[in-house]
Amino acid sequence: MATKRSCFVWIAALLLCDGCTHYYYAPNSLQTPFLQQRGDTRVSLGFIGGDEFNGFEAHAAYSPIRYGAVMVNYFQVQSNYSDNTASDWGRGRLTEVALGAYYPAHKYLSFSLFAGWGGGRVLNSYTDGAKSDLHFERRFIQPGFAVQGKWARVGMAFRFNRLKYLHGDIDLEIGEPHLTTIGNIEEASPVYVPEFGLSFGFGARPIWIDLGINLNNSYDASKLGFAGSTTRITLNCELDHFWRKHPARP
């Protein structure tokens, strides 16, 4: 039986085969819901990916009171390396919730500030059959804004993360350089990671399609095995459009 040691977790990450890049963290999308009034409800579903991994994510935001909002995000990825075998794969997921405030500075402009917490799990299997099953949490603060007109929208946000590596098991047989990278992560824990997100969308209420990029701005990303970026395409829907009364068109 493989010798195991307790290890702080890698998050939202994928460990691939020996010939590929091994990641221990990847940024999910920085969501910038366009909120203007109480009752605004936004949901989205999209595809997200990076170098040698891809997956999907879901998002929801709701304003129960004026200037206040709650947000929920789900993120799941898996390796897509073409030489993966039945014993060589990686899967990760993250679920997070945030409370926030927004301010509609103009009918086309909305500022927001969210603070949240997320938790998840990452499972990996390696070429030699060694496995890991790890758990993590992430806390964050995210200021941002969204500009939305009749046919187009733009969103931008910064996210300041505190990554807390909790617990898990890892087979020592994964060898180097992976053990050293994991040791670097354990030594640095908790890890503070600044991120930036930018999206461009087009459509018309209540349906929008967004294209976005999410950047990990950590100076020691390569040392810790963090993915530098992810890109996404997302379908967004303003659900409140279907139950609110709208002025009759002339």
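Residues numbered from 1 in each chain as written. Predicted model: local features only at pLDDT ≥ 70, side-chain atom pairs only at ≥ 80, totals over all residues. Heavy atoms only, no water.

## A closer look at the environment of Ala58
Among the structural elements, Ala58 can be located in strand β3 (residues 53-65). A sequence separation of 16 residues divides Ala58 from Tyr74, and the C-alpha atoms of the two residues are 5.1 Å apart. With residues up to four places along the chain from it excluded, the contact list for Ala58 reads Ser44, Leu45, Val72, Asn73 and Tyr74. (Helix = DSSP H or I, 4+ residues; strand = E, 2+ residues; numbered from the N terminus. Contact = heavy atoms within 4.5 Å.)

## Quick word on empty space enclosed by the protein
Scanning the model with the defined rule gives one cavity of 30 Å³ or more in all. In this model, the largest cavity occupies a volume close to 150 Å³. Along the walls of the largest cavity sit 17 residues, with Thr32, Pro33, Arg42, Arg153 and Asn236 positioned nearest its centre. Elements with a minimum of two residues in the lining of the largest cavity: β2 (41-50), β10 (207-216) and β11 (229-238). Broken down by element, the lining of the largest cavity gets its largest block of residues, four residues, from β11. (1 Å grid on protein atoms, 1.4 Å probe; cavity = no way out; pocket = protein on both sides within 12 Å on 5 of 7 lines; lining within 4 Å. Points joined across faces, edges and corners; volume = space filled by probe spheres on them.)

## Side note on the pattern of salt bridges
Summed over the entire model, instances satisfying the criterion amount to nine salt bridges. Asp210 is the partner of Arg153 in a salt bridge, and the nearest nitrogen-oxygen pair spans 3.4 Å. Of the two residues, Arg153 sits in strand β8 (residues 152-171) while Asp210 sits in strand β10, which places them 57 residues apart along the sequence. A relative accessible area of 9% means that Arg153 is categorised as buried. One salt bridge in this structure joins Arg205 and Glu238, with 3.7 Å as the shortest N-O distance. With Arg205 in the loop between β9 (191-204) and β10 and Glu238 in strand β11, this residue pair connects regions lying 33 residues apart in the sequence. Classification of Glu238 as buried rests on a relative accessible area of 5%. Among the ionic contacts, a cluster of salt bridges with common partners joins Asp40, Arg42, Asp240 and Arg244. (Salt bridge = Lys/Arg side-chain N within 4 Å of Asp/Glu carboxyl O. Buried < 20%, exposed > 50% of the residue type's maximum accessible area, 1.4 Å probe, protein only.)

## Some remarks on the nonpolar core
If you look at the biggest cluster of nonpolar residues, it comprises 16 residues, and the most contacted ones within it are Leu163, Tyr165, Ile174, Ile185, Val191, Val193 and Phe226. Those elements that provide at least two residues to this core are β8, α1 (178-188), β9 and α2 (221-224). Ignoring sequence-local partners within four residues, the contact set of Phe226 consists of Tyr23, Tyr24, Tyr25, Leu163, Tyr165, Ile185, Val191, Val193, Asn216 and Ala221. By size, the runner-up hydrophobic cluster in this structure holds nine residues, among which are Tyr23, Ala26, Phe75 and Val77. (Core = buried A, V, L, I, M, F, W, Y, C linked by side-chain atoms within 4.5 Å.)

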